[in-house]
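Per-entry structural report
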Amino acid sequence: MRFTWFNLMPWPYLPDDFREKNRSVWVDIDSNLFDPAKGHQVYNNYLDLLEYAGKLGFDGIGVNEHHQNAYGLMPSPNLIAASLARRTDDVALVVLGASIALYNPPLRVAEEFAMLDCISGGRLVAGFPVGTSMDTNYCYGTIPGLTRERYKEAHELIKRAWASREPFAFNGRYTKLRYVNPWPRPIQQPHPPIHIPGGGSLETFDFCIDNTYSYSYLSFGGYIRGQALMQGYWDRVAERNAPDDSPYRAGFAQTICVGETDAEAEQLYAQHVSYFYNRCLHVYPGFADAPGYRTIKTIQKGILSQYAPQTMFQQLPWKELVDNGSVIAGSPETVTHRMEDLIKKLRVGNIFCLMQIGDMPQDKCMHSTRLFAEKVMPRLRHLFPEYADDQRFWCKPLNQRAVPGALPQEWNQESPVGVER
Amino acid sequence: MELKTVQTERIPVRYYEGGAGRPLVFLHGAGGLDMDLGFLDSLARQFHVYAPLVPGYGDSEECGELRDMLDFTLHTWDVVERLGLKDPILAGHSMGGMIAGEMAAIAPNDVSRLALIAPAGLWMDEHPIPDIFAMLPYQLPPYLFYDAEAGAKLMSAGTDMTDPKFLQAFLVQNARQLGAAGKILFPIPERGLSSRLYRIKAKTMLIWGEGDKLIPPVYAQAFQRAIAGAQLVMIPEAGHVAPFEKPAEVIGAIARLQ
């Protein structure tokens, strides 16, 4: 099993009446609600938490990309990953990911990921999301009906750029480059492991299966609701005759809160979970799915967006969120059992643990994170022993890595040249 | 009107045909032709009407090869060609008006009569056109209809938005139709037409509902300034869907092109 501690970086200062006074947390959210000076503190707090998790035995620490979004303050996940690369040591940097269709030219992603891989000594796990409709279409203006074609082309360019050892010309429809020749290249060969966050489109299932990428379902709906979608993925893995059904072909994001007891978990975390589910997920349904963004095949399959109106407008109480699996919460014992249930039912080897939730303060987040790392994670490690050696979907760091800040003594004119000091 | 199919180089195209008289090609707006069938029937009393569907609309096949404005413009010229028409009256509503305007600008010697009914295609920062791609169905009527309440009733007639089957069918249709329209209308319904309008040589009739809240009449004046000799007919008590709300007045204005 691989556990990644994931931080969405939510803005923790949305007012109590946010839902009543605002139509959406995303796209056209009131700019006045963002306070840059507080932002300074928020970013640094969140970076500290990611670094903290990196020291507790999580396999990875994770970031992702959102735009104009108060629950995801990372328009550039690569900036955050770059900060983490220097302040962490042996933990994987999981960037889930950079929306490759949004970069012009998309070669930028190949370059930045290569930089991250080099700086971190091969610790990058790369993500290539199509991006949500909110990000891709409404915030970044990509034409919905052309988004997937653009994505495909960007992917082809990046893969070729990483694989090629000489400059080549790329004559795409959306990107034309005479000399593709990125410097630097990634450490990991032929390329860093690639995870594809998806929301249930068949094309993305097939894309992952055909390229040996890991499919990640990053939902907030929890594992019980996520089961149908993941089953759809595994059915597809079988249908397309993939060589194996390794659980590492899949990942799942789960909101998790651990306390000493079930009661403590509710007492400590309920208000922050409520903040997240009832304020941060207040997305105007008109931004959920631009027409043309999803393919007809996917809509006909009946896999509708998690942002569909029916889930958006009710206040969700703690008990319901816990019962329906949106949140896995409780004592280490309770959480272990439910996690095991999740892992087996969804058959997922990669877990993205959402543990910084809404406006949760640092000390509570650390408490929950430590309990998970010390009392839950070790009890789940043994699952899927037959795939314990499957390294295809994880990073392969260099054995000898640079130590950040390891400068020699200042230059001293008195010392003879070339003599060790 | 009869629903038929004509094959272009790329794709079978569905079109309505009916009536007799001078040939007239009518290009529909982003909402499709469903609401315009009555209007087309009336129009067919004076003209030989051809109303092709943009690929992806109605029961027609989508066409992945249509990606940008030039593709749409040339595709529609292909349809005219395959229908065997020479210099038909070219009429278009909203998105269809944008396409018709482009066709007349790109081939000015092939279009002598042009009717643009509340066409899209221009953008003024001080008069932003509302974003139909971010609207839920129930939010549309005030932007489309002069009488929003009657429009809402009409649009929701026989529909139950809570029925998952209906919702799925609605989403599929929306994805096909607005997905196609989005290629020239998303996120801003402007693709450089303003720099080409000067090329139009056709006798041009601009037809606009006085109460158009989607593409407000200030755009009518902009089109009129940009197309030499264009005449403007404002239609009282009509919104953006003037052909539906005031078919007789719209047809009367088109007839002035004869």
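Residues numbered from 1 in each chain as written. Chains lettered and ligands numbered in written order. Predicted model: local features only at pLDDT ≥ 70, side-chain atom pairs only at ≥ 80, totals over all residues.

Before going further, it helps to examine the overall build of chain B. A count of helices and strands for chain B gives nine helices and eight strands. For chain B, the spread of C-alpha atoms along the three principal axes comes to 50 × 40 × 35 Å. The 258 residues of chain B split such that 48% are buried. (Helix = DSSP H or I, 4+ residues; strand = E, 2+ residues; numbered from the N terminus. Buried ≥ 20, exposed ≤ 12 C-beta atoms within 10 Å, placed from the backbone.)

On to the sheet that holds strand E8 (residues 231-235) of chain B. By definition, the strands of a sheet pair up through backbone hydrogen bonds, in either a parallel or an antiparallel sense. All names here are of chain B. Taken together, eight strands build an open sheet; the order of strands is E1-E2-E4-E3-E5-E6-E7-E8 and the sheet is mixed. Edge positions in the sheet fall to strand E1 (2-7) and E8, since each of these pairs with one other strand and no more. Strand-to-strand twist across the sheet, computed as the mean angle between neighbouring axes with direction ignored, equals 25°. Sheet topology note: the E1/strand E2 (residues 12-18) ladder contains six bridges and is antiparallel. Its bridge partner lying in E2, Val 6 is registered against Val 13. Contacts between helix H3 (residues 95-106) and the sheet are confined to strand E3 (22-27), strand E5 (89-93) and strand E6 (113-117), with E5 contributing the most and set at about 145° to the helix. (Pairing = 2+ DSSP bridges. Axes fitted to C-alpha atoms, helices over the stretch in contact; angles between N-to-C directions. Contact = placed C-beta atoms within 7 Å.)

Turning our eyes to something else, we now look at helix H6 (residues 147-163) of chain A. With 17 residues, H6(A) extends 24 Å between its outermost C-alpha atoms, agreeing within 8% with the 24 Å of an ideal straight helix rising 1.5 Å per residue. Lining the buried residues of H6(A) we find helix H4 (107-120), helix H5 (133-139), strand E5 (168-171), strand E6 (176-180) and helix H7 (202-211) of chain A. (Expected span 1.5 Å × (residues − 1).)

Our focus in this paragraph is helix H2 (residues 36-55) of chain A. All names here are of chain A. The terminal C-alpha atoms of H2 lie 29 Å apart, and with 20 residues this matches the ideal 28 Å at 1.5 Å per residue to within 8%. If you check which residues of H2 are buried, you get Tyr 46, Leu 49, Leu 50, Ala 53 and Gly 54. On an axial view of H2, the arc spanned by its buried residues comes to 145°, and they lie on one face. Facing away from the buried side of H2, by more than 90 degrees, are the exposed residues Ala 37, His 40, Gln 41 and Asn 44. Where the residues of H2 are buried, they touch strand E1 (2-6), strand E2 (60-63), helix H3 (77-87) and helix H13 (362-380). Once H2 finishes, Gly 57 follows within two positions and takes phi at roughly 105°, a positive value. (Arc of directions from axis to C-beta.)

Okay, the confidence of the model for chain B next. Model confidence for chain B is summarised by a mean pLDDT of 95, while 98% of its residues fall at 70 or above. Here the prediction assigns the complex a pTM of 0.94, and the interface score ipTM is 0.94. (pLDDT = per-residue confidence, 0-100.)

Listed as interface residues are 17 residues of chain A and, on the opposing side, 18 residues of chain B. For the side of chain A that touches chain B, the element with the highest residue contribution is helix H10 (residues 296-300) of chain A, accounting for three residues. When the residues that make up the side of chain A that touches chain B are grouped by side-chain class, the tally is ten nonpolar, six polar and one charged. (Nonpolar A, V, L, I, M, F, W, Y, C, P; charged D, E, K, R; others polar.)

To continue, consider the pairing of strand E10 (residues 327-330) of chain A. Working note: regular strand, side chains alternate between the two faces of the sheet. Residues and elements named next belong to chain A. Along E10, one buried face is formed by Val 327 and Ala 329 and the opposite face, lined by Ile 328 and Gly 330, is buried too. Pairing between strand E9 (residues 250-258) and E10: four bridges, direction parallel. From the neighbouring strand, Thr 255 faces E10, where its bridge partner is Val 327.

Grouped together as the largest cluster of nonpolar side chains are 199 residues, with contacts concentrated most on Leu93(A), Phe252(A), Cys353(A), Phe372(A), Ala91(B) and Ile207(B). Per element, the largest residue contribution to this core is eight residues, and it comes from helix H9 (residues 262-280) of chain A. Each residue touching Cys353(A), except ones within four places of it in the same chain, is listed here: Phe3(A), Thr4(A), Trp5(A), Phe6(A), Gln254(A), Ile256(A) and Phe372(A). (Core = buried A, V, L, I, M, F, W, Y, C linked by C-beta atoms within 7 Å.)

Our next topic: the packing of H3(A) against H4(A). Residues and elements named next belong to chain A. One can describe the packing of H3 onto H4 by two numbers: an axis separation of 9 Å at closest approach and a directional angle of 10°. With respect to H4, the element H3 is oriented roughly parallel. Where H3 abuts H4, its residues Asn 78, Ala 81, Ala 82 and Ala 85 lie against Glu 112, Leu 116, Ile 119 and Ser 120. Among the residues forming the contact of H3 with H4, the class breakdown is five nonpolar, two polar and one charged. (Parallel < 35°, antiparallel > 145°, perpendicular 65-115°, else oblique.)

Next up on the list: the pairing of E1(A). All names here are of chain A. E1 sits mainly inside the fold: five of its five residues count as buried. A two-sided burial pattern is seen for E1, the buried positions comprising Arg 2, Thr 4 and Phe 6 on one face and Phe 3 and Trp 5 on the other. Taken together, the five bridges between E1 and strand E11 (residues 350-354) define a ladder with parallel strand orientation. Bridging from a neighbouring strand, Arg 2 pairs with Asn 350 of E11. Taken together, the three bridges between E1 and E2 define a ladder with parallel strand orientation. Counterpart to Thr 4 in the pairing with E2 is Gly 60.

A word on the packing of H2(A) against H3(A). All names here are of chain A. Running from amino to carboxyl end, H2 crosses H3 at an angle of 50°, the nearest separation of the two axes being 10 Å. In terms of axis orientation, H2 runs oblique to H3. Helix-helix and strand crossings are classified by hand; for H2 and H3 the assignment is right-handed. Contacts between H2 and H3 involve Leu 47, Leu 50 and Glu 51 from the former and Ser 83, Leu 84 and Arg 87 from the latter. A class-by-class count of the residues in the contact of H2 with H3 yields three nonpolar, one polar and two charged. (Left-handed = near helix turned anticlockwise from the far one by under 90°.)

All names here are of chain A. Residue Pro 105 is bonded to the preceding Asn 104 through a cis peptide linkage, with omega at -5°. Here Pro 105 is to be found in the loop between strand E3 (92-95) and H4. Despite not being glycine, Val 27 shows a phi value in the positive range, around 80°. Considering the arrangement of structural elements, one finds Val 27 in the loop between helix H1 (18-21) and H2. Note on Val 27: 20 C-beta atoms within 10 Å, which makes it buried.

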